Amino acid sequence: MTLPTPVLETERLTLRPFTPADGDDLFALQSDAFVLRYWDSPPWRDRSRVDNFLDRCRRMAEEGSGARVAVERSADRTFIGWCTFNDWDPGFRSASLGYCFTQASWGHGYATEAGRALLGWAYDALDLNRVQAEADTRNAASARVLEKLGFVREGTLREDCVVDGVVSDSWVYGLLRRDWAA
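Residues numbered from 1 in each chain as written. Predicted model: local features only at pLDDT ≥ 70, side-chain atom pairs only at ≥ 80, totals over all residues. Heavy atoms only, no water.

Colleague: Explain unusual backbone geometry residue by residue, including any values.
Modeller: The residue Asp87 is not glycine, and still its phi comes out positive at about 60 degrees. Within the secondary structure layout, Asp87 lies in strand β4 (residues 79–89). Accessibility expressed as a relative area gives 51% for Asp87, which makes it exposed. Unlike most non-glycine residues, Arg93 shows phi in positive territory, near 55 degrees. Looking at the element boundaries, Arg93 is found in the loop between β4 and β5 (94–101). On the basis of relative accessibility, which here comes to 29%, the residue Arg93 falls in the partly exposed class. (Helix = DSSP H or I, 4+ residues; strand = E, 2+ residues; numbered from the N terminus. Buried < 20%, exposed > 50% of the residue type's maximum accessible area, 1.4 Å probe, protein only.)

What follows is the structure, given as structure tokens:
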């Protein structure tokens, strides 16, 4: 079953499918060591990662396992990051939410706005009961985004990531349909 990648408009943002034209901006974001300091994989060093990422976006839509969208400011069409709704499991009625934004876009509420739009689409389009997200325990800003979206911290995955020799813990968050609807 395919899951077409949505185009969503918010007050300040456009969420849309990735295109090859996003390659330079995507590589700049994913190769920024400061932005990815709490990420579960090291920054990109190889430009071929762009093609792999774009191919994975296409396969997610074709397989019906999720949707990954580029996020741009509507006013000037500047790429500021991406959001993903992935690991959709129709049997369990669950999925995961993730996002990554440029440092210049931090502190403006864009991640919350984009996350809210993508969650709204997902809860409306699919028979979801639960969406899960994770944040590195050192990443207080990402934890705040999830909490603003209504996610509840449910636990800690101890030492679940080792990136470039650094061991870290992650918080697990959950958002149930009944909490989203409220």
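This is not the end of the story, as more comes after the structure.
Colleague: Which residues make up the sheet that holds strand β2 (residues 13–17), and what values go with them?
Modeller: Taking strand neighbours across the sheet as the criterion, the eight strands line up as β1-β2-β3-β4-β5-β6-β8-β7 in an open arrangement whose pairing is mixed. This sheet does not close on itself; its edge strands, each paired only once, are β1 (8–9) and β7 (152–163). Here strand β6 (residues 130–136) pairs with strand β8 (residues 166–176) via seven bridges, running antiparallel. When the bridges of β8 are listed, Asp136 appears paired with Ser170. Sheet contacts for helix α1 (residues 23–30): β4 and β5; angle to β4, the most-contacted strand, approximately 80 degrees. The sheet contacts of helix α2 (residues 48–63) involve β3 (67–73) and β4, and relative to β3 the element is tilted by about 120 degrees. (Pairing = 2+ DSSP bridges. Contact = heavy atoms within 4.5 Å. Axes fitted to C-alpha atoms, helices over the stretch in contact; angles between N-to-C directions.)

Colleague: Can you explain the packing of aromatic side chains? Please cite residues and give values.
Modeller: In the structure shown here, the tally under the stated rule is eight aromatic pairs. Relative to Trp106, the ring of Phe34 lies with its centre 5.8 Å away and its plane at 35 degrees, an arrangement referred to as tilted. Note that Phe34 is positioned in the loop between α1 and α2 and Trp106 in the loop between β5 and α3 (110–125), a separation of 72 residues in sequence. Residue Phe34 is classed as partly exposed on the basis of its relative accessible area of 39%. Classification of Trp106 by relative accessible area gives partly exposed; the value is 35%. Taken together, Phe18, Trp39, Trp44, Phe53, Phe79 and Trp82 form an aromatic cluster joined through their ring pairs. Sitting over the ring of Phe53, Arg68 keeps its end group 4.3 Å from the ring centre. Stacked on the ring of Trp171, the Lys or Arg Arg153 has its end atom at 3.7 Å from the ring centre. (Phe/Tyr/Trp six-rings, centres within 6.5 Å; stacked < 30°, edge-to-face > 60°. Lys NZ or Arg CZ within 6 Å of the ring centre and 35° of its normal.)

Colleague: So what about helix α4 (residues 140–148)? Which residues, and what values?
Modeller: Residues of α4 that are buried include every one of Ser142, Ala143, Val145 and Leu146, and no others. End-on view of α4: buried residues confined to an arc of 155 degrees, all on one side of the axis. Count one or two residues on from α4 and you reach Gly150, which has phi positive near 100 degrees. (Arc of directions from axis to C-beta.)

Colleague: Lay out the nonpolar core in plain terms, naming residues and giving numbers.
Modeller: Of all hydrophobic cores here, the largest spans 37 residues; its most connected members are Leu15, Phe85, Phe101, Leu118, Leu128 and Phe151. Looking at this core, the elements with two or more residues in it are β2, β3, β4, β5, α3, β6, α4 and β8. Here the element with the most residues in this core is α3; it accounts for nine residues. Beyond its immediate stretch of four places on either side in the chain, Leu128 contacts Phe85, Trp88, Arg93, Ser94, Ala95, Ala122, Tyr123 and Arg177. Core analysis: the next-biggest nonpolar cluster, separate from the first, contains 15 residues, Phe18, Leu26, Trp44 and Leu54 among them. (Core = buried A, V, L, I, M, F, W, Y, C linked by side-chain atoms within 4.5 Å.)

On their own, these measurements won't tell you what the molecule is for.
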